[in-house]
Amino acid sequence: MINDIGNKDRYEQNLYRAAVLRCIKLVKDDNEDIKNAVEEVAVEFSRLVKDVNNLKNFLYQEVTQEGSTHPVIMTENVRQRDWWNNRKKSNDIPMGYVIRYFDYLSAKPGWSEMSIKDLDVSTDEVMNALANPTLKKADERRGLVYGDVQSGKTAHYIGLINKAYSAGYKIIIVLTGMQNSLRSQTQARVDEEVLGYETSNEISFEEQLKQNVIGVGTVIPNADVGPLQSITNRDEKGDFNKKLSTGSFMPPFIIITKKVSSVLKYIISSLSKNTITKVINGKKIIPASYPALIIDDEADQASINTKDVEKTDNPSTINGLIRKLLNLFECKSYVGYTATPFANIFIPYRTDDDIYGKDLFPKDFIAKAPRPELYVGAREFFGLGEEEIKPMPLMRMISAGQSFLSQGTKKDDYVGELPSELKEAIKFFFISTAIRNLRGQRNKPNTMLIHIVRFVDQQKTIKKKIDKYVREEIFNFISYGDGEIRKAFENIYFSDFVPTTKEIRVCFSKYSQGCNEIDFDSIWKEITRLVSAKELKIWAINGKSDDSLIYKNYKDQPFNVIAIGGDKLSRGLTLEGLTISYFTRAASAMDTLLQMGRWFGYRPAYLDVCRIFTTQDLFNKFKIISYSVANLSAQFDDMNTLKSDPEHFGLKVATNPEILISARNKVRTGADYQADFSNHLTQTRLIDADPEIIEENYQTVNNFLSSLDSNRFSMGDSAGLSKYIPSDTKTGKTYWIGVPGALVADFFDKYHTSKTATKASSRHIADYIREMQKYNGLTDWTVCLCGTDKNNTPTLIATESKFGPIKVNGIVRNRSAMNEKNKEIEEATGTTRDLHALISGGDEELDYTADQHDLAKNEKENLKKKTRDNQFIAREVRRVVRTFDHGFLLLYPIEWAAEDLKAYDNKAPYGFAVVFPDRQGKGNLKSYKLNEVAMELDDYE
């Protein structure tokens, strides 16, 4: 939980949990004030707990936590299945593994009841999306879970493993990264949080169960839940190997392995020869009575087919082996996990091969892992693009050191003197470590990351130079009582640490609990003690070094380490207690650079002493990535809202010329697109006939128009609001003039365009309007409610207007003109309806003033003498007549377009048309890379 109750006995831990649930009920269900609820529960439990004030603090932290959204986007077929939830309700499955895992998390620091609940619900939803193992019939599911870097994805898939094993999955294989250290770290987590015993090469499985009980095994004994055998172990060389491949293991079992070709071949060979394997239709298959769950951690690394599918049928090695592994099973579920799903959404989704089977596109579901409230990620460190999200004051720019082993460095280049900023960053590490110790975290790990270059020999040299610097210029000076070294530390503390802690406490208060200020004399005394006790290690973390970051080996003892590394520290590996990062290594791709950011995660009671030393160039690139990640995440939210799925919702990644999305060979499909509406007429041709979306869009239009009373034309003093006075107010139309562009952008933020609208989406329109406003464009809008004067059944809109609701007769669209291509999309998407054309002839000129009408008339007459291309003429008239500051929004109520797209109960479905002026080359437009699905849907817009 938020406070560490792991040091309390099991009885008191359970009391604290019961108190939290009682308090949450009073606040959430009974709407009681938080302060009163905490006091009431504290009184109820006062005779049962040892320290009632500690309980109060604990309750307050827990109850003030907020949950996060964690949608699971599924195909219609998967969405209709609820097998896991039904089995849980039936109480016909053993839940010991599940119960003890979530009980174990409750006693771990940093886990609130809300975070645990979010994790439980999210993994339940993913379970429902998996193949049902109890049916014992052929089935397959492929999906993806994405979440922020270091935000708890491992906890998510460990929760999934515990539930999958309980549900009846017999073979579980976890594909980790490509390094032994990461595989070993993952195995250690599985030992602690699934198996309940410590795996080892040294002793037998039976002895492991008896001697090495750890983690969840201390909550409910392994004998009570039925032990699960692990074929691999946590030793550095405990992966699946040639010797193991000669054996035949009876399920149930679990394998934690690297994505390395030799190891995967051993596993495939072993499973192919297993006694449970049958020959079905001439192929070796493990029957559905032994269902398999394959978890692909870091699913965008190595798993992507980097070969050009247009030139060869043979995929890249790891991709082909994973697909062969999946093909061995008659009943299987594949779930990829990643924080950077860029390359995954560009996997060709139609690929299917006789030898390798389907590619790893997440065709069945995409799930968003919960983002706990106190997680600190890219948007907290770097801000969010150009939006008003203030970055935390933890960045320190490197100038002198930016050329030290910079981009283009060769492995035999000379390693010069350490940059001054690196030396200063090391001093920062001493101060942050001392502060953490004085805040009661003495025996917690403290890590400093130094990531400059990938070459091992240069890392070794850097380590030697840092060791020499620390020994001669810090340890010796402090030991000899040098006054200048104290002044240097004191200056850093008062000029940097003191104001930063104050800013964190004022501007980011929810992260600042425990970040109390400490006097420098105490800090200096603790630094002196650290030096005297030699409580510092300087390690190089790479394939040629004996140094290994196995934090468990230093549990409950001081462990302060400066870790110098490259690729081994680039992805997946958790650096516990990371406070100071010195990072200058260049990367050419978004996913690579973001994964190098090991500083994301949870920093309870020490966020204020964390720092990232980096260059301005890298900081700018991280800001670009921060926007791209947030934008893609928002698209997943839209996909969920619109009840679409990965095969029918086009996705795109915001691009920037400064950095690639991913390695070029991982993104071979897709097309570039720029969200440019300059001199365009954009309209909603496609509308989703989903009752919830129709209702939400109606309310959005209703709220928007109801808020524009002061702009209502011919009502009050609106005429003075704008110079753009419509000259011809036709019957059946209502106008609002001088509407601020900010309100129109907000309207488009809330309106849901069709799930098939990849380019002309409301989100793109909102972004475009805001970008133009930076250059004084699209600041003044005319809004027109376009009905008809025919005697149809009127509907109501602007129902909250002080002038009363507007009765409007909707338009009717004849869909008989639909061509075969448009019918295809209706059949594919199920709910999307094609209106063919929404806007009526002449509507786009309804906002013209009298002078603009005359100018448009003359321009048309001149153009018709030169061309018969009506679209060209319309564009030229817009370019000449419309001014940069003015936009035109037309709203259309739909009387009837289909049986499931018609007016009902005084409400109508609403579409829109927007007329944009020429932007005159102004603005920094957003660019995107469309995936294969988006490219196909683009034809329908």
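The rules behind these values
Residues numbered from 1 in each chain as written. Predicted model: local features only at pLDDT ≥ 70, side-chain atom pairs only at ≥ 80, totals over all residues. Heavy atoms only, no water. Pairing = 2+ DSSP bridges. Helix = DSSP H or I, 4+ residues; strand = E, 2+ residues; numbered from the N terminus. Contact = heavy atoms within 4.5 Å. Axes fitted to C-alpha atoms, helices over the stretch in contact; angles between N-to-C directions. Salt bridge = Lys/Arg side-chain N within 4 Å of Asp/Glu carboxyl O. Buried < 20%, exposed > 50% of the residue type's maximum accessible area, 1.4 Å probe, protein only. Phe/Tyr/Trp six-rings, centres within 6.5 Å; stacked < 30°, edge-to-face > 60°. Lys NZ or Arg CZ within 6 Å of the ring centre and 35° of its normal. UniProt positions renumbered as here; feature names shortened; annotations may be inferred. Core = buried A, V, L, I, M, F, W, Y, C linked by side-chain atoms within 4.5 Å. Domains from an automatic or database assignment.

You'll find the protein entered in an unreviewed UniProt entry as Z1 domain-containing protein, with Schwartzia succinivorans DSM 10502 given as the organism.

A. Summary view of the sheet that holds strand 2 (residues 139-146). Spatially, 1-12-2-9-8-3-5-4 is the arrangement adopted by the eight strands of the open sheet, whose pairing is mixed. At either margin of the open sheet sits one strand with a lone partner, and together these are strand 1 (72-74) and strand 4 (229-230). Alignment of strand 4 against strand 5 (residues 253-257), held across two bridges, turns out to be parallel. Across the sheet, residue Ser-230 finds its bridge partner in strand 5, namely Ile-254. Along the sheet face, helix 13 (residues 261-273) touches strand 3 (171-175) and strand 5 and points at about 160° away from the line of strand 5. Along the sheet, helix 22 (residues 616-641) contacts strand 1, strand 2 and strand 12 (365-368); its crossing angle with strand 1, the most-contacted strand, is approximately 55°.

B. Inspection of the pattern of salt bridges at higher detail. Summed over the entire model, instances satisfying the criterion amount to 53 salt bridges. Here Arg-379 and Glu-380 are joined by a salt bridge, their closest N and O atoms 3.6 Å apart. Owing to a relative accessible area of 36%, Arg-379 belongs among the partly exposed residues under this scheme. Judged by relative accessible area, Glu-380 falls into the buried class, the value being 10%. Two residues, Arg-529 and Glu-526, come together in a salt bridge whose shortest N-O distance is 2.9 Å. In this pair, Arg-529 and Glu-526 are both assigned in helix 20 (residues 520-533), three residues apart and thus about one turn of the helix distant. On the basis of relative accessible area, Arg-529 is assigned to the partly exposed category, the value being 28%. Owing to a relative accessible area of 4%, Glu-526 belongs among the buried residues under this scheme. Shared partners join several salt bridges into a network, and the residues in it are Lys-88, Asp-120, Asp-124 and Lys-163.

C. How the structure looks around the packing of aromatic side chains. Scanning all chains against the criterion turns up 45 aromatic pairs. When the centroid spacing of 5.8 Å and the interplanar angle of 50° are considered together, the rings of Tyr-349 and Phe-361 count as tilted. Taken together, the residues span a long stretch of sequence, with Tyr-349 in the loop between helix 15 (342-345) and strand 10 (352-353) and Phe-361 in the loop between strand 11 (357-358) and strand 12 at a distance of twelve residues. In this pair, the class of Tyr-349 matches that of Phe-361, namely buried. Of the aromatic side chains, those joined through ring pairs into one cluster are Phe-428, Phe-430, Phe-475, Phe-489, Tyr-493, Phe-494, Phe-497, Phe-520, Trp-524, Tyr-582 and Phe-613. Of note, Arg-436 hangs over the ring of Tyr-606, and the distance from its end group to the ring centre comes to 3.8 Å.

D. Main features of the UniProt feature "coiled-coil region" (unreviewed entry) in the protein. Mapped onto the present numbering, the UniProt feature "coiled-coil region" (unreviewed entry) falls at residues 846-876. As annotated, residues 846-876 comprises 71% helix and 0% strand, and the C-alpha atoms at either end are separated by 17 Å.

E. Seen up close, the nonpolar core. Counting 92 residues, the largest nonpolar core has Phe-382, Leu-549 and Trp-599 as its most contacted members. Per-domain counts for this core show at least three residues from each of domain 2 (65-368) and domain 3 (376-625). In this view, Leu-549 contacts Trp-539, Ile-541, Phe-559, Val-561, Ala-563, Leu-569 and Leu-575; residues no more than four positions away in its chain are not counted.

F. Molecular detail of unusual backbone geometry. Of note, the amide linkage connecting Pro-251 to Pro-252 takes the cis form, showing an omega dihedral of 10°. Structurally, Pro-252 is set in the loop between helix 12 (242-245) and strand 5. Phi angles above zero are rare outside glycine, and Lys-136 is one such case at about 55°. Checked against the element boundaries, Lys-136 lands in the loop between helix 7 (113-129) and strand 2. With phi around 60°, Asn-679 is a residue other than glycine that occupies positive phi space. Structurally, the position occupied by Asn-679 is in the loop between strand 20 (671-674) and strand 21 (681-683).

G. Summary view of the pairing of strand 24 (residues 780-786). With respect to burial, strand 24 is a largely interior element, seven of its seven residues being buried. With burial as the criterion, each face of strand 24 is covered, one bearing Asp-780, Thr-782, Cys-784 and Cys-786 and the other bearing Trp-781, Val-783 and Leu-785. Of the pairings in the sheet, the one linking strand 23 (residues 733-740) to strand 24 comprises six bridges and is antiparallel in character. Residue pairing across strands places Trp-736 opposite Val-783, the latter belonging to strand 24. Taken together, the six bridges between strand 24 and strand 29 (residues 886-898) define a ladder with parallel strand orientation. Its bridge partner lying in strand 29, Thr-782 is registered against Phe-888.

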